[in-house]
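# Geometric and topological summary
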Amino acid sequence: MAGCFGELFLYMSIAFKNIFKSKEVVAFDIGSSSIKLVQMSSTKGGWELKKLGYCQLPPEAIVDGSIIDSMTVTSTLSDMLAEHGVKAKDAVTSLSGHSVIIKKVNMAAMTEEELAESIQWEAEQYIPFPMTDVNIDFQILGEDTEGRGQMDVMLVAVKKDVINDYTNALKESGLNPVVVDVDSFALENMMEINFALSPDENIVMVNIGASITSISVIAGGLTVFTRSIPMGGNQYTEEVQRRFNVNYKDAEAAKRGEDIDGVDPVELKSVIDTVSMNLTVEIKRSMDFFLAGSIDMFISKIVLSGGGAKTMGLSDMLKERAALDVELANPFGGIECDPKTFDPEYLKEMAPFFSVGVGLGTRRLGD
Ligand SMILES: Nc1ncnc2c1ncn2[C@@H]1O[C@H](COP(=O)(O)OP(=O)(O)OP(=O)(O)O)[C@@H](O)[C@H]1O
Ligand SMILES: [Mg+2]
């Protein structure tokens with residue numbers, strides 16, 4: 001299971017009786033362009049999809065990872081719960097972007113218990129915020145190979161006010177937020193349940209959302225590097241709006257391949273390719289930064305997810321620039337999905353959007 005991230009983010013005010021009564025958990029990936037609902041149950045062999053929901057948000061509801069219009073977010077969550085007949089009360093969600101700081105640090109070897117005791121003090125040196133403003137979590141990645149009594153640790157700090165904004169939205173929809181995860185770790189979980197990750201396979205995960213692109217490296221089954229770029233699908237939409245002088249809705253439709261009056265397809269392709277070029281340069285830069293600090297590390301492939309992964313020509317451009325295989329994540333590939341309930345065509349179409357949500361759907365209190 002991907003780390004213990006989330007445990008320390010545990011919302012402490014949850015009524016105890018609720019924790020033990022309700023085993024069902026509903027996962028909400030609250031993105032800046034849409035909310036994704038996933039409910040899964042564990043089976044003998046793995047996981048089964050129970051509920052799936054998707055609802056778009058107006059562009060001003062969440063901006064750069066901050067909830068601006070909490071009423072809209074809360075009412076969308078409530079509507080989705082009602083529409084899908086969700087009975088679960090416990091909820092998990094995740095954050096990404098600038099409110100999350102993830103750092104790999106090297107420190108004197110100690111046990112998990114010892115580190116849990118001293119984490120506030122240890123983290124202070126690495127986190128550029130007052131410790132009172134953040135929740136801290138960590139995962140020990142293992143002793144370093146030189147055996148000098150040092151160990152690598154992944155430190156995670158998340159701004160408390162941002163956690164509160166997201167957990168409040170869930171609470172106001174009648175839910176008990178039990179885990180607040182981080183997108184990259186949810187993606188690791190998603191990969192874990194879908195593929196038998198080989199210990200010597202190193203995969204770059206690239207989740208292209210509307211406003212944030214998260215890049216992470218999974219090595220030996222653990223996330224060892226993460227970075228986020230404040231770019232995503234919005235850059236394409238804005239550029240199309242600007243170039244063709246069309247509104248947001250038409251620009252969104254045009255970039256998804258719909259015919260829009262006044263948008264010339266040849267010029268559109270050049271606009272899209274220009275943004276893709278900027279994005280691939282940034283992705284490659286992050287990969288190079290990771291590789292520069294990881295001697296003898298090779299990457300086997302890139303797995304793309306997020307709605308932005310559907311951008312025409314982007315996958316091929318990244319493949320060429322990074323000289324690596326690029327795959328589209330299929331979060332439903334390794335889980336049971338009853339075709340009578342979930343149309344396989346719909347699942348295929350929506351797969352990129354649900355990569356974080358499916359990973360979150362495996363999270364349970366105290367994982
Ligand atoms: N067919 C398509 N072609 C290109 N872009 C697409 C397509 N479908 C969706 N997108 C883009 O994908 C983005 C939404 O993806 P996603 O749902 O993963 O983002 P999000 O989770 O809401 O955002 P974030 O994680 O950045 O807060 C939007 O910018 C949308 O325009
Ligand atoms: Mg997202």
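None of these values were measured; they are calculated from a predicted model.

Right, let's talk about the pairing of strand 14 (residues 301–305) for a bit. By the criterion of burial, strand 14 is predominantly enclosed, with 4 of the 5 residues buried. Looking at chain direction, strand 11 (residues 202–208) and strand 14 are connected through 5 bridges and run parallel. By the bridge assignment, Asn207 is partnered in strand 14 with Ser305. Pairing between strand 14 and strand 15 (residues 325–328): 4 bridges, direction parallel. The partner of Leu304 across the bridge, within strand 15, is Leu328. Regarding topology, helix 9 (residues 314–322) serves as the crossover connection from strand 14 to the parallel strand 15, and that connection is right-handed.

With that settled, the discussion passes to the packing of helix 8 (residues 265–292) against helix 9. Here helix 8 crosses helix 9 at 40 degrees, and the two axes come no closer than 10 Å. Taken together, helix 8 and helix 9 sit at an angle that is classed as oblique. Like other packed secondary-structure pairs, helix 8 and helix 9 cross with a definite hand, here right-handed. The residues of helix 9 that touch helix 8, namely those facing Ser276, Met277, Thr280, Ile283, Lys284 and Met287, are Leu314, Met317, Leu318, Arg321 and Ala322. Grouping the amino acids of the contact of helix 8 with helix 9 by side-chain chemistry returns 7 nonpolar, 2 polar and 2 charged.

Time to look at the sheet that holds strand 11. Whether parallel or antiparallel, the strands of a sheet pair through hydrogen bonds between backbone atoms. Spatially, 5 strands are ordered 13-12-11-14-15 in an open sheet, and the strand pairing comes out mixed. On the outer flanks of this sheet lie strand 13 (222–229) and strand 15, each paired with one strand and no other. In this sheet, adjacent strand axes meet at a mean angle of 20 degrees when their direction is disregarded. Lying on the sheet, helix 5 (residues 183–194) is in contact with strand 11, strand 12 (213–219), strand 13 and strand 14; it crosses strand 12 at an angle near 50 degrees.

Its identity is not glycine, yet Asp64 carries a phi of approximately 50 degrees, on the positive side. The topology assignment puts Asp64 in the loop between strand 4 (62–63) and strand 5 (66–67). Look at Asn245: it is not a glycine, yet its phi comes out positive at around 55 degrees. Turning to its location among the elements, Asn245 is positioned in the loop between helix 6 (233–244) and helix 7 (248–255). Under the C-beta neighbour-count criterion, Asn245 is labelled exposed, with 11 such atoms within 10 Å.

Okay, the sheet that holds strand 1 (residues 25–30) next. An order of 3-2-1-6-10 is seen for the 5 strands of this open sheet, with the pairing classed as mixed. Both outer strands of the open sheet, strand 3 (47–56) and strand 10 (176–182), are each paired with one neighbouring strand and no more. Going across the sheet, the axis of each strand differs from the next one's by a mean of 20 degrees, ignoring polarity. Bridging between strand 1 and strand 6 (residues 90–95) involves 4 bridges; their strand directions are parallel. By the bridge assignment for strand 6, Val25 is matched with Asp90. Strand contacts of helix 5: strand 3, strand 6 and strand 10, with the helix running at about 90 degrees to strand 10, the strand carrying the most contacts.

Take the confidence of the model for the chain next. When pLDDT is averaged across the chain, the result is 90; 92% of the residues are at 70 or more. Segment residues 6–22 is flagged for pLDDT under 50; beyond a separation of four residues in sequence, or across chains, it makes 31 contacts in the model.

Analysis parameters
Residues numbered from 1 in each chain as written. Chains lettered and ligands numbered in written order. Predicted model: local features only at pLDDT ≥ 70, side-chain atom pairs only at ≥ 80, totals over all residues. Buried ≥ 20, exposed ≤ 12 C-beta atoms within 10 Å, placed from the backbone. Helix = DSSP H or I, 4+ residues; strand = E, 2+ residues; numbered from the N terminus. Pairing = 2+ DSSP bridges. Right-handed = clockwise from strand over helix to strand, strands pointing away. Axes fitted to C-alpha atoms, helices over the stretch in contact; angles between N-to-C directions. Parallel < 35°, antiparallel > 145°, perpendicular 65-115°, else oblique. Left-handed = near helix turned anticlockwise from the far one by under 90°. Contact = placed C-beta atoms within 7 Å. Nonpolar A, V, L, I, M, F, W, Y, C, P; charged D, E, K, R; others polar. pLDDT = per-residue confidence, 0-100.

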